[in-house]
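Residue-level structural notes
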Amino acid sequence: MSPLLGLDGLHLLRDGRRVLDGASLALHPGERLAILGANGSGKTTLLRTLVGLERPAAGRVLLFGADCRSEAQFRSARRRMGFLFQDSDDQLFCPTVLEDVAFGPLNLGLSDRQARATAMEALVALGLALLADRVTHRLSGGEKRLVCLAGLLAMRPEVLLLDEPTNGVDAENGRRLRAALAAFEGAMILVSHDEGLVADVATRAMELRDGRLAPRPILSPSAARKSEKNGPDRQRDERDDRHASEPEEDEPAHPAHQ
Ligand SMILES: Nc1ncnc2c1ncn2[C@@H]1O[C@H](COP(=O)(O)OP(=O)(O)OP(=O)(O)O)[C@@H](O)[C@H]1O
C-alpha cells in the first residue's frame, strides 16, 4: 500500500546545527504514528517540514503520492491535513470559539450556516458545546487545545498532525481528547512526551534522535502510567523489559505516483 505521507532523507540546518540529518518516515492509511524525542530534537521542525512551513536543505517530502516542492503543491496537500500547532495561540484567531471552529469549513467553501452547523457538531463531539460563545483568548490553555482540535476535526482531514496535544490539558479534557482521537478514522502523526497518550492512541512509535528517526517500542497503558509516576529512567527500564525484540527498521518513504 502506498504511504499517505513520506519523508525521505531529510536534512535541515538551523544556525549551522543539523536539526534533521537524514530523517525518513512513511505513514500508511489507518496508522497512528507517535514521534518521541528529547526537547529540541527537532520534532516540531519535522512536522513543520511535512506541511511545507520549513524547507529542507535536502531530501523529499511526499504527500498523497506527490513529491512536494512548490508552495502550490503544499497548499493543496494542506487541505487534506489538520496540523495542531504546539502553541494554541498561534492557531486561534477569531473572536469567539464558534467563529474560530467554523473558519476552516467556511474556507473549504461551505455556506455560513453549514459551516456553523459543522463547527457546532465538532464542538459537541468534543463535549465543548458550552464554550461556543466564549471569547477564544480568554479560554484556559487546556480549553484552547481542545477548541483547536475541534477546528481541525470540523475540516474532516484525512491525516492529523498533532504537536503535543495534551500539553496543559487536565484529566477530564484529556479523556475527551483521547476519545476524539480514538473516533478519528484517518491516519495521524502524534508528537508527544505523554507516554500514556502514546500507549492509548499510537499503533507505532519512532524516536527522533541526532536528526534521524528510529523505531521505538510503545509501552502498555499500565506500564505507561507507572512510568509517568516514576520518571524517565524508569520509563527506559519498562520499555526494555516489555520488548525483548525491537521492531523492524522503518521503510524509507516510497516515491509513489511520480
Ligand atoms: N525559529 C527558530 N529559529 C532558530 N532555531 C529554532 C527555531 N525553532 C526551533 N529552533 C531550534 O531547532 C531545534 C529543534 O527545535 P524543535 O522545536 O523542532 O524541537 P522539538 O523536538 O519539537 O522540541 P520540544 O520537545 O522542546 O518541543 C532546537 O534546537 C530549537 O532551539
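Structure first, text after, so check above.
Below is a summary of the structure that appears in this document. No experiment lies behind these values; they were computed from the predicted model shown.

**Some details on the overall build of the protein**
Scanning the protein from terminus to terminus reveals 9 helices and 10 strands. Residues counted as buried form 41% of the 258 residues belonging to the protein.

**Some words on the sheet that holds strand E9 (residues 204-209)**
One open sheet accounts for 6 strands, arranged E6-E7-E8-E3-E9-E10; its pairing is mixed. The sheet is open, and its two edges are formed by strand E6 (81-84) and strand E10 (212-216), each paired on a single side. Neighbour-to-neighbour, the strand axes of this sheet turn through a mean angle of 20°, independent of strand direction. Bridge count between strand E3 (residues 32-36) and strand E8 (residues 187-191): 4 bridges; the pairing is parallel. Across the sheet, Ala-34 pairs through a bridge with Leu-190, a residue of E8.

**As for the packing of helix H3 (residues 97-107) against helix H5 (residues 141-153)**
Orientation of H3 relative to H5, taken along the N-to-C sense of each, is 35°, at an axis distance of 7 Å. Handedness of the crossing formed by H3 with H5: right-handed. Side by side, H3 and H5 meet where Val-97, Asp-100, Val-101, Phe-103 and Gly-104 of the first sit next to Val-147, Ala-150 and Gly-151 of the second. Split into classes, the residues belonging to the contact of H3 with H5 amount to 5 nonpolar, 2 polar and 1 charged.

**Observations concerning the sheet that holds strand E5 (residues 66-68)**
Across the sheet, which stays open at both edges, the 4 strands sit in the order E2-E1-E4-E5 with antiparallel pairing between neighbours. Of all the strands in the sheet, just strand E2 (17-27) and E5 have a single pairing partner and so form its edges. The sheet shows a mean angle of 30° between the axes of neighbouring strands, direction not considered. The pairing of strand E1 (residues 5-14) with E2 spans 8 bridges and is antiparallel. If you follow His-11 over to E2, its bridge partner there is Asp-21. The sheet strands contacting helix H1 (residues 43-50) are E1, E2 and strand E4 (58-63), and the helix crosses E1 at an angle near 120°. Here helix H2 (residues 71-78) sits on the sheet and contacts E4 and E5; the angle it forms with E5, its principal contact strand, is near 120°.

**Examining the environment of Ala-117**
Structurally, the position occupied by Ala-117 is in helix H4 (residues 112-125). A tally of 14 C-beta atoms within 10 Å means that Ala-117 is categorised as partly exposed. Sequence-wise, Ala-117 and Leu-197 are 80 residues apart; in three dimensions their C-alpha atoms are separated by 30 Å.

**Notes on the environment of Arg-178**
Looking at the secondary structure, you find Arg-178 in helix H6 (residues 171-183). Classification of Arg-178 by C-beta neighbours within 10 Å gives partly exposed; the count is 17. Counting along the chain gives 102 residues from Arg-178 to Ser-76, while the straight-line C-alpha distance between them is 28 Å.

**Thoughts on unusual backbone geometry**
Backbone geometry follows two general trends: most residues other than glycine have a negative phi, and most peptide bonds adopt the trans configuration. Residue Glu-164 is not a glycine yet carries a positive backbone phi of 50°. Relative to the elements of secondary structure, Glu-164 occurs in the loop between strand E7 (159-163) and H6. Phi at Asp-210 is positive, roughly 55°, even though this residue is not glycine. Along the polypeptide, Asp-210 turns up in the loop between E9 and E10.

**Here we look at the pairing of E4**
For E1 and E4, the ladder comprises 5 bridges, and the chain directions are antiparallel. Residue His-11 lies in a different strand from E4, and its bridge partner there is Ala-58. Looking at chain direction, E4 and E5 are connected through 3 bridges and run antiparallel. Across the sheet, the residue bridging to Leu-62 is Asp-67, located in E5.

Reading the values: rules and limits
Residues numbered from 1 in each chain as written. Predicted model: local features only at pLDDT ≥ 70, side-chain atom pairs only at ≥ 80, totals over all residues. Helix = DSSP H or I, 4+ residues; strand = E, 2+ residues; numbered from the N terminus. Buried ≥ 20, exposed ≤ 12 C-beta atoms within 10 Å, placed from the backbone. Pairing = 2+ DSSP bridges. Axes fitted to C-alpha atoms, helices over the stretch in contact; angles between N-to-C directions. Left-handed = near helix turned anticlockwise from the far one by under 90°. Contact = placed C-beta atoms within 7 Å. Nonpolar A, V, L, I, M, F, W, Y, C, P; charged D, E, K, R; others polar.

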